[in-house]
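Residue-level structure breakdown
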Amino acid sequence: MSEPRPLLILGTRTFAVEVADLASDIPGVTVAGFVENMDRSRAGTALEGLPVHWIDDVAAMAASHVAVCALSTTHRRQFVEQAAAIGLRFTTLVHPTARVSRTAHVEEGAIVNAGALIAAHARIGRHAIVNRGALVGHHTSVGEYVTLGPGANIGGCCTLGDQTYVGIGAIVLDQLTVGRHSIVGAGAVVTRHVDDRVQVLGLPAKVVKEGIEGR
């Protein structure tokens, strides 16, 4: 984080707790609370001993806090844009055990979890999530709001379109493109380009559903 400001985590479900734990390992980061935008009854309660705020009530905190979005769904854009509209600014979280190449670029709002590896000249887009132990190859571009599941392995010179979801342990071979809003199922092995808005499963990965909008 460029400035040590208190951190608000957008989300109140189990992945938000995971992100709070990740953030607690990063020097200079202090988790100040969680933010809810769906179930107002959760506001005013506590999660992991920290306050849960309603989204409209954090406008007054925008000048003094930063945020990340801890929703694993690729549809988290709505929550991010709602928070940005009230003035919240976003930071990037990279766990100390992750290895990010000095030539890689991790953009605003991205989360890089423990044990992840980001290789040379890779790009991790805005508000993307790289989960535990995920691998991103050299010269690979990961789009905005992408979610990479734990242990996912993305080869070199690949392109993952915005709001794509790659499941646990899935593999994308070198020099391939996975289209926008698509899903690569857990354990799948992608051996050829994947179109926009499709779900692929298996070894080799094959299309099982079309016309989807991420996960």
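Remember, predicted model here, so these are calculated numbers, not experimental data.

Attention now goes to the environment of G87. Its place among the elements puts G87 in the loop between α2 (77–85) and β6 (89–90). Between the C-alpha atoms of G87 and N113, which are 26 residues apart in sequence, the distance is 26 Å.

Okay, the pairing of strand β25 (residues 206–210) next. A regular strand places its side chains so that they alternate between the two faces of the sheet. In this structure, strand β24 (residues 198–201) lies alongside β25, joined through 4 bridges in antiparallel fashion. The residue bridging Q199 from the neighbouring strand is K209, located in β25. Between β24 and β25, which pair antiparallel in sequence order, lie 4 residues; one of them, G202, sits at a positive phi of approximately 95°.

What follows concerns the nonpolar core. Counting 32 residues, the largest nonpolar core has I118, I124, L148, L160, V166, V184 and V190 as the members making the most contacts within it. Once you skip the residues sitting within four places of it in the chain, L148 turns out to touch I129, V130, N131, A134, V136, I154, L160 and V166.

Cis geometry marks the peptide bond from L203 to P204, where omega comes out at -5°. Relative to the assigned elements, P204 resides in the loop between β24 and β25. Backbone geometry places E48, a non-glycine residue, at a positive phi of 55°.

Let us look at the sheet that holds strand β7 (residues 93–94). Reading across from one edge, β7-β10-β13-β16-β19-β22-β24-β25 is the order of the 8 strands in this open sheet, with mixed pairing throughout. With one partner strand each, in any of the chains shown, β7 and β25 form the two edges of the open sheet. Strand direction decides the pairing type here: β7 and strand β10 (residues 111–112), joined by 2 bridges, are parallel. In the sheet register, V94 faces β10, and the bridge partner there is V112.

The next thing to look at is the side chain of E107. Positionally, E107 belongs in the loop between β9 (105–106) and β10. Taking relative accessible area as the criterion, E107 reaches 17% and is therefore assigned buried. With sequence-adjacent residues up to four places away left out, E107 is seen in contact with T92, R123, I124, G125 and R126.

This brings us to the sheet that holds strand β11 (residues 117–118). Reading across from one edge, β8-β11-β14-β17-β20-β23 is the order of the 6 strands in this open sheet, with parallel pairing throughout. The outermost strands of the open sheet, each flanked by one partner alone, are β8 (99–100) and β23 (189–190). In this structure, β8 lies alongside β11, joined through 2 bridges in parallel fashion. From the neighbouring strand, R99 faces β11, where its bridge partner is L117.

So, about the packing of aromatic side chains. Under the definition given, this model contains 0 aromatic pairs. When the ring centre of Y165 is taken as origin, the NZ or CZ atom of R215, which lies over that ring, is 4.4 Å away.

Right, let's talk about the pairing of β24 for a bit. Of the strand pairs in this sheet, strand β22 (residues 183–184) and β24 are connected by 2 bridges, and their pairing is parallel. Considered in β24, the bridge of V184 is made with V200.

Definitions and limits used
- Residues numbered from 1 in each chain as written.
- Predicted model: local features only at pLDDT ≥ 70, side-chain atom pairs only at ≥ 80, totals over all residues.
- Heavy atoms only, no water.
- Helix = DSSP H or I, 4+ residues; strand = E, 2+ residues; numbered from the N terminus.
- Pairing = 2+ DSSP bridges.
- Core = buried A, V, L, I, M, F, W, Y, C linked by side-chain atoms within 4.5 Å.
- Buried < 20%, exposed > 50% of the residue type's maximum accessible area, 1.4 Å probe, protein only.
- Contact = heavy atoms within 4.5 Å.
- Phe/Tyr/Trp six-rings, centres within 6.5 Å; stacked < 30°, edge-to-face > 60°.
- Lys NZ or Arg CZ within 6 Å of the ring centre and 35° of its normal.

Function cannot be read off these values alone, since they describe shape.
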